[in-house]
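Chain by chain, the residues:
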Amino acid sequence: MIRWRIPFPRSIAGVWLFAVGAILLVMLGIQILTGIVLAMFYVPTTSLAFDSIIHIMRAVSHGELLRNMHAIGASLFFFACYLHIFRGMYYSVYRRPYVTMWMVSVTLYVLLMITAFLGYSLIWGQKSYWAATVITSFARAIPVVGDGLYTLLVGGYAPGTPTLGRFYVLHFILPVVVVVMTIFHVRTVQSAFAHAMKRAFSEKASRRLLFDYRITDADAIKITLFLMLFTWFLFFAPHYLSSADNFIPADPTVTPAIVAPEWYFLPFFSILRCFPNELVGLVAMCGAVLIFYFLPWLDTSRARFRHYSKWVKWGFWLWVLNVCFLGWLGSKALVGPDLTEGIRNEEGWIRAVSQLSTIGYFAWFLLVLPCRRFLEKQD
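Residues numbered from 1 in each chain as written. Predicted model: local features only at pLDDT ≥ 70, side-chain atom pairs only at ≥ 80, totals over all residues. Heavy atoms only, no water.

### Section: the overall build of the chain
Okay, so step 1: Of the regular secondary structure elements, the chain holds 14 helices and zero strands.
Okay, so step 2: Counting helices and strands in the order they occur from the N terminus, the chain gives α-α-α-α-α-α-α-α-α-α-α-α-α-α.
Okay, so step 3: The long-range share in the chain, meaning contacts at least 24 apart out of those at least 6 apart in sequence, stands at 75%.
Okay, so step 4: Put simply, the chain shows about 19,600 Å² of open surface, and 70% of that area lies on carbon and sulfur atoms. (Helix = DSSP H or I, 4+ residues; strand = E, 2+ residues; numbered from the N terminus. Contact = heavy atoms within 4.5 Å. Areas by Shrake-Rupley, 256 points an atom, 1.4 Å probe, with all protein chains shown as cover.)

### Examining the packing of helix 3 (residues 63–90) against helix 4 (residues 99–121)
When two helices pack together, their arrangement is given by the angle between the helix axes and by the axis-to-axis distance.
Okay, so step 1: Two elements in contact, helix 3 and helix 4, have axes separated by 12 Å at closest approach and are oriented at 155°. Here helix 4 runs roughly antiparallel to helix 3, going by the angle between their axes. Crossing angle aside, the handedness with which helix 3 passes helix 4 is left-handed. Each of Phe77, Phe78, Cys81, Tyr82, Ile85, Gly88 and Met89 in helix 3 lies in contact with helix 4, whose residues at this interface are Trp102, Tyr109, Leu112, Met113 and Ala116.
Okay, so step 2: Tallied by class, residues from the contact of helix 3 with helix 4 come to 11 nonpolar, one polar and no charged. (Axes fitted to C-alpha atoms, helices over the stretch in contact; angles between N-to-C directions. Parallel < 35°, antiparallel > 145°, perpendicular 65-115°, else oblique. Left-handed = near helix turned anticlockwise from the far one by under 90°. Nonpolar A, V, L, I, M, F, W, Y, C, P; charged D, E, K, R; others polar.)

### Examining the pattern of salt bridges
Okay, so step 1: Counted according to the given criterion, the structure contains two salt bridges.
Okay, so step 2: The salt bridge partner of Arg95 is Asp299, with a shortest N-O separation of 3.5 Å. Taken as a pair, Arg95 in the loop between helix 3 and helix 4 and Asp299 in the loop between helix 12 (295–298) and helix 13 (310–330) lie far apart in primary sequence, 204 residues in all.
Okay, so step 3: Since its relative accessible area comes to 1%, Asp299 is described here as buried.
Okay, so step 4: Three or more residues joined by partner-sharing salt bridges are found here, namely Arg95, Asp299 and Arg372. (Salt bridge = Lys/Arg side-chain N within 4 Å of Asp/Glu carboxyl O. Buried < 20%, exposed > 50% of the residue type's maximum accessible area, 1.4 Å probe, protein only.)

### A short note on the packing of aromatic side chains
Okay, so step 1: In the structure shown here, the tally under the stated rule is 31 aromatic pairs.
Okay, so step 2: With 5.2 Å between their ring centres and 85° between their planes, Trp232 and Phe233 make a pair best called edge-to-face.
Okay, so step 3: Taking 5.9 Å as the distance between ring centres and 10° as the angle between the ring planes, the aromatic pair formed by Phe325 and Trp328 counts as stacked. On the criterion of helical spacing, the pair formed by Phe325 and Trp328 is a turn pair, its members being three residues apart in helix 13.
Okay, so step 4: When its relative accessible area of 38% is taken as the criterion, Trp328 is described as partly exposed. (Phe/Tyr/Trp six-rings, centres within 6.5 Å; stacked < 30°, edge-to-face > 60°.)

### A closer look at a nonpolar patch on the surface
Okay, so step 1: On the surface, a nonpolar cluster with roughly 630 Å² of combined accessible area is contributed by Ile36, Met40, Phe41, Val169, Phe172, Ile173 and Val177.
Okay, so step 2: With four residues, helix 7 (residues 161–196) is the largest single contributor of residues to the nonpolar patch.
Okay, so step 3: Position of Met40 relative to the elements: it lies in the loop between helix 1 (20–39) and helix 2 (49–58). (Patch = residues over 30% accessible without salt bridge, like charges linked within 9 Å, V, L, I, M, F, W, Y side chains within 5 Å.)

### Let's talk about the packing of helix 3 against helix 13
Okay, so step 1: Direction vectors running N to C along helix 3 and helix 13 enclose 160°, while the axes themselves pass 11 Å from each other. As summarised for this structure, helix 3 and helix 13 are arranged roughly antiparallel, according to the angle between their axes. In the crossing of helix 3 with helix 13, the sense of the turn from one axis to the other is right-handed. Facing helix 3, whose interface residues are Phe86, Met89 and Tyr90, helix 13 presents Lys313, Phe316, Trp317, Trp319 and Val320.
Okay, so step 2: Residue composition of the contact of helix 3 with helix 13, grouped by class: seven nonpolar, no polar and one charged.

### Remarks on the environment of Val289
Okay, so step 1: Its location among the elements puts Val289 in helix 11 (residues 278–290).
Okay, so step 2: Assessed through its relative accessible area of 11%, Val289 is described here as buried.
Okay, so step 3: Considering only alpha carbons, one finds Val289 and Val106, 183 residues apart in sequence, at a separation of 8.6 Å.
Okay, so step 4: When residues no more than four places from it in sequence are discounted, the contact partners of Val289 are Tyr109, Val110, Met113 and Phe268.

### With respect to the nonpolar core
Okay, so step 1: Formed by 85 residues in total, the largest nonpolar core has its most connected members in Met89, Tyr109, Phe268, Phe292, Trp319, Tyr361 and Phe365.
Okay, so step 2: For this core, the element with the most residues is helix 3, which contributes 13 residues.
Okay, so step 3: With residues up to four places along the chain from it excluded, the contact list for Phe365 reads Met89, Ile291, Phe292, Leu295, Leu298, Trp319 and Pro370. (Core = buried A, V, L, I, M, F, W, Y, C linked by side-chain atoms within 4.5 Å.)

### Digging into empty space enclosed by the protein
Okay, so step 1: Scanning the model with the defined rule gives two cavities of 30 Å³ or more in all.
Okay, so step 2: Forming the boundary of the largest cavity are Met89, Tyr90, Tyr94, Tyr308, Val312, Lys313, Phe316, Trp364, Leu369 and Arg372.
Okay, so step 3: When residues of the lining of the largest cavity are traced back to their parent elements, those giving at least two are helix 3 and helix 13.
Okay, so step 4: The greatest single-element share of the lining of the largest cavity, amounting to three residues, is contributed by helix 13.
Okay, so step 5: Classifying every residue of the lining of the largest cavity by side-chain character gives eight nonpolar, no polar and two charged.
Okay, so step 6: The volume enclosed by the second largest cavity comes to roughly 40 Å³.
Okay, so step 7: If you go around the second largest cavity, the residues you meet are Phe50, Ile53, Ile54, Met57, Arg67, Ile123, Asn246 and Phe247.
Okay, so step 8: The element best represented in the lining of the second largest cavity is helix 2, accounting for four residues.
Okay, so step 9: Of the residues belonging to the lining of the second largest cavity, the class tally is six nonpolar, one polar and one charged. (1 Å grid on protein atoms, 1.4 Å probe; cavity = no way out; pocket = protein on both sides within 12 Å on 5 of 7 lines; lining within 4 Å. Points joined across faces, edges and corners; volume = space filled by probe spheres on them.)

Set out below in structure tokens:
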């Protein structure tokens, strides 16, 4: 039996919200339940997709509430997810013996991004249609297999009913994979938590550690506060996190002034589009996500948190600010020359600054982290 005398790691308390993982579990449950109900009324065809969503909001009992819960839940889900990732990076929980836990976490994040993109495209509003059109068109930039991959994705020469059918099926299947990966992730977290306590536990006892009353009580308080934020958006600002263009049916003949996805994709979208060569942009965007897999080997430091260099800490926060800045740049029209041509105000500066910010994004992983061992006292 696990007694209350067992010391717990200090990381379970404080403003870093150890409970973010529990919050993500709650939000995942909300997304799955609301998604199942919405799928009962959604029609995946170009002529009825947008109208079926309007029907859900206007004619289905509590339909607008459920649809808003699903839409707002996606935004807050990714907000909590980024908090979770930043916390893990700040405390370097990707190091041994937590490599497996980190790899599962990154895989979960990639699956969630794909699922969210598919779900966002299903709205078939003006913004979601053009965002899906632009992003899927980058598949053509891949040598040899690009055209075939694009046709496989969209089911034709341009997004249409076959595209919606594919996205609808995948958006329904991928959450099942996410749930399986989540269960595996919780198991790896339990093992990591038992290891952090530096004490031998049986397999059964280690699985019960995360359900100790000192953790569950703190989690309940933090989950309640997060759900209060969720409720505020739901009842007082239900469309604040959405774009007005997405309340207009998709029109392939009218291109919006700014084509951009939801806010949680904007940093990567900014990286994708800032290069004049589409293949370079696609490689940079995929690299910006997949580079998280290599953090255990890019970070050469073995210092504990108390020995972290203040320069590394400040560098991390500058990197976080740069990611937010990339997101802001992604919401603006891409104007101006390349960085190599200089910044000319009369033509605009978004492209050049986006490229510079992209360099700063990768510099943290490829320059700062490999040099950490020279800046910190190693344990």
